[in-house]
Amino acid sequence: MKTRRTPSERKPRTGISRMVLMAAGFLLLGAAAVSAQLPEPQVHSFPLGGNRAAVWVVSQLHILFAAFILGAPIFIVVSEILGWKGGDWRYERLAKEVTKVTVILYSMTALTGGLFIFVLLATYGQFTIWLVNHFFTVFAIIYPLLFIAETIVLYLYWYTWDALQGPKKMRHIALGVLLNIIGIVTLFVIDGPTSFMNTPVKATAEGLDLRTYIETTATLWDKMNNYSWWPLNIHRTVGNVVFGGFIAGLIAAYMYLASKTDEERAFYDWFGFVGNMIGVGALLLLPFAGYLLAYELCDYDASICPYMMADQLSMFFEMQGAMVGLIFLASNYYIWLSMKRIEGLERVRMSVATMLLMMTVPVVFMLMWTKWPIPDIMSLIAPAAYVAVWLIIAKILPWTVSSQTMVKVAFLMVIIGNAIWMTPHAFVATQALAPDDGSLSLPHGEVSLGVVTVSWDMLALMPAKNAAAFTLVFVTIVNYILYNRALRLGRIVWGKIDFISQFVLVFLAFSAIWTMGLMGAVRELTRKYFHVFNLQYDFTSEAFTPTLAYSSWMITGITVAFYLVVSFAIILTLKTGKEKAHAASPKTVSLIAGTE
């Protein structure tokens, strides 16, 4: 029979329990006291530039590699389709050689992406964790799955190239189309967090501030579908095609310079022409995509626009104007070098009305867009009507000018357009035209045209900048029309282009990469001293806007590093298999212009 203990018998155990609990409490208090005395985790700083420079270098390299592997497959598949439909072996070989380079650079994209995450966590860990938490589904599920899918499809596309020929060719093309779809979706998905940092979604509910709305109410879709998401998607998609086209031209230039036979030079001459045509063709759309992105940034917060155009980042846009002008000059120079080797070029002429239209576009369009600012409907109707009138006159007037004259005038108009683009406010250095009150406006020399008043300071305003951008695009289009007319009327011998043309292709690729880095820096720096604009402050000592000189050195170093890796990939992948590819291809030195 079990006996019950008296309270006096149970008391010692209770005392022991209390002693144990008290001892444990003292131990916990002691541990807390000791922990309080431990130093804070040491803040590490990368040598030779600091943390922001390290993140800048790694992230920009990752973006450059990603831009190529997303842009190149677009014209790879288009080239494969053209080769399959038209029976032109050159398109098939072009697609295969660019794919070969893409495959090896794909691994560099993954490596720099992983390095970027490690560097970001090591330098800005608290913010990185905050951003990942808000986009957990994107970073932890959607993006990894898309990246894995893209990897699988890319390697399937490459390693089944020879197997899926003949009647199975459509299967291979379908793989290429699927690869592009996955790549574009991947770009759009990762653009969500990127654009969110510039334009976080505004609160839609009354009485909620931005931080409370983001932390408690906003859904993942709300955060993704912010002001600058779609403009950034469009701008990056077009930019990636430009990037891929000029890198294809770089591949062709390297291989042309290394070629030892006329057949190889003929192929890589044509290869470079196609790459330049794709790059320049997409480049014509890029200014308008950039305007759309800038418009949305300014519409989101009015302080962003003057900060970009007239304050800390204004000289970045001056440099952008110089680089874009050089790219258009170089592309038109390449067209001229291509035309010079066309036999019968002297028979190619254009109407004098076309030349006059090209010469009057900067002034007339500036006046029209001053009278009817974009997006007024008349800002589209009036310029279209003006161009249509001149095209009708061109059909009537019998006078023509030679192709050489047209190209010379085109060069002059590119220089004029670029000069207008780069003209700042109060551009007269001596202030000779400035008023006596010392203001920066330049009202002297005004001329009234009835509908609009003309003055020197108009050259610094957006109507003039828009007219200058349109001039660059219009001149390039006219030159390509002239070139295509020369191909139809003359005879071109591939492989006989001026040797300097290959260095023009190298310059175009370098300039496109450099300009891409510059404008990427501008987009990131519009956040000022925020990690996420108006939401997450950057309290580090590096939260300042760097100078153009510092940024230029950074961008140049990154561009050179990327160039070296790409050059190594081209030499490694194409030079080793050059003899085999040459033996498998039909041998052609020259082609009649306009024929396959």
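Residues numbered from 1 in each chain as written. Predicted model: local features only at pLDDT ≥ 70, side-chain atom pairs only at ≥ 80, totals over all residues. Heavy atoms only, no water.

## Points about the packing of helix α2 (residues 51-86) against helix α9 (residues 229-258)
- Close contact between α2 and α9 brings their axes to 7 Å; oriented N to C, the two are set at 85°. With respect to α9, the element α2 is oriented roughly perpendicular. From α2, I63, L64, A67, F68, L70, G71, A72, I74 and F75 reach across to α9, where they touch R236, N240, V241, F243, G244, G245, I247 and A248.
- Taken together, the residues of the contact of α2 with α9 sort by class into 12 nonpolar, 4 polar and 1 charged. (Axes fitted to C-alpha atoms, helices over the stretch in contact; angles between N-to-C directions. Helix = DSSP H or I, 4+ residues; strand = E, 2+ residues; numbered from the N terminus. Parallel < 35°, antiparallel > 145°, perpendicular 65-115°, else oblique. Contact = heavy atoms within 4.5 Å. Nonpolar A, V, L, I, M, F, W, Y, C, P; charged D, E, K, R; others polar.)

## Comments concerning the confidence of the model for the protein
- Considering every residue of the protein, the mean pLDDT works out to 82; 83% of them sit at 70 or more.
- Mean pLDDT values for the elements of the protein range from 43 in helix α1 (residues 7-37) up to 94 in helix α6 (residues 169-198).
- Note on residues 1-40: pLDDT under 50 across the span, and 3 contacts to partners over four residues away in sequence or across chains.
- This stretch, residues 428-434, has a pLDDT under 50; its non-local contacts, to residues over four places away or in other chains, come to 11 contacts. (pLDDT = per-residue confidence, 0-100.)

## Some details on the side chain of S403
- In this structure, S403 sits in helix α16 (residues 403-422).
- For S403, a relative accessible area of 0% gives the class buried.
- Side-chain polar atoms of S403 contact the side chain of Q404, separated by 3.2 Å.
- In this structure, S403 is in contact with M339, L345, V348 and L482, ignoring residues within four places of it in sequence. (Buried < 20%, exposed > 50% of the residue type's maximum accessible area, 1.4 Å probe, protein only. Polar contact = N/O pair within 3.5 Å; in protein donor to acceptor, adjacent residues only side chain to side chain.)

## Comments concerning the state of the cysteines
- In this structure the tally under the stated criterion is 1 disulfide.
- Two residues, C298 and C305, share a disulfide whose sulfurs are 2.4 Å apart. On the S-S bond that ties C298 to C305, the torsion sits near 75°, and the link is right-handed.
- You can call C298 buried: its relative accessible area is 18%. (Disulfide = S-S within 2.5 Å.)

## Some words on the packing of aromatic side chains
- Applying the stated criterion across every chain, the model contains 38 aromatic pairs.
- Each ring, one from F135 and one from F139, has its centre 6.5 Å from the other, and the planes form 80°; the classification is edge-to-face.
- Accessibility expressed as a relative area gives 0% for F135, which makes it buried.
- By relative accessible area, F139 is classed as partly exposed at 26%.
- One aromatic cluster is present, built from ring pairs that chain together Y227, Y300, Y529, F530, F533, Y537 and F539.
- Over the ring of F267 we find R93, and its NZ or CZ is 4.1 Å from the ring centre.
- Note that K202 overlies the ring of Y300, its terminal NZ or CZ placed 4.7 Å from the centroid. (Phe/Tyr/Trp six-rings, centres within 6.5 Å; stacked < 30°, edge-to-face > 60°. Lys NZ or Arg CZ within 6 Å of the ring centre and 35° of its normal.)

## Structural notes on a nonpolar patch on the surface
- There is a patch of nonpolar side chains on the surface, built from V132, F136, I141, I142 and L145 and spanning about 420 Å² of accessible area.
- Among the elements that line the nonpolar patch, the one with the most residues is helix α5 (residues 136-159), at 4 residues.
- Tracing the backbone shows L145 in helix α5. (Patch = residues over 30% accessible without salt bridge, like charges linked within 9 Å, V, L, I, M, F, W, Y side chains within 5 Å. Areas by Shrake-Rupley, 256 points an atom, 1.4 Å probe, with all protein chains shown as cover. Salt bridge = Lys/Arg side-chain N within 4 Å of Asp/Glu carboxyl O.)

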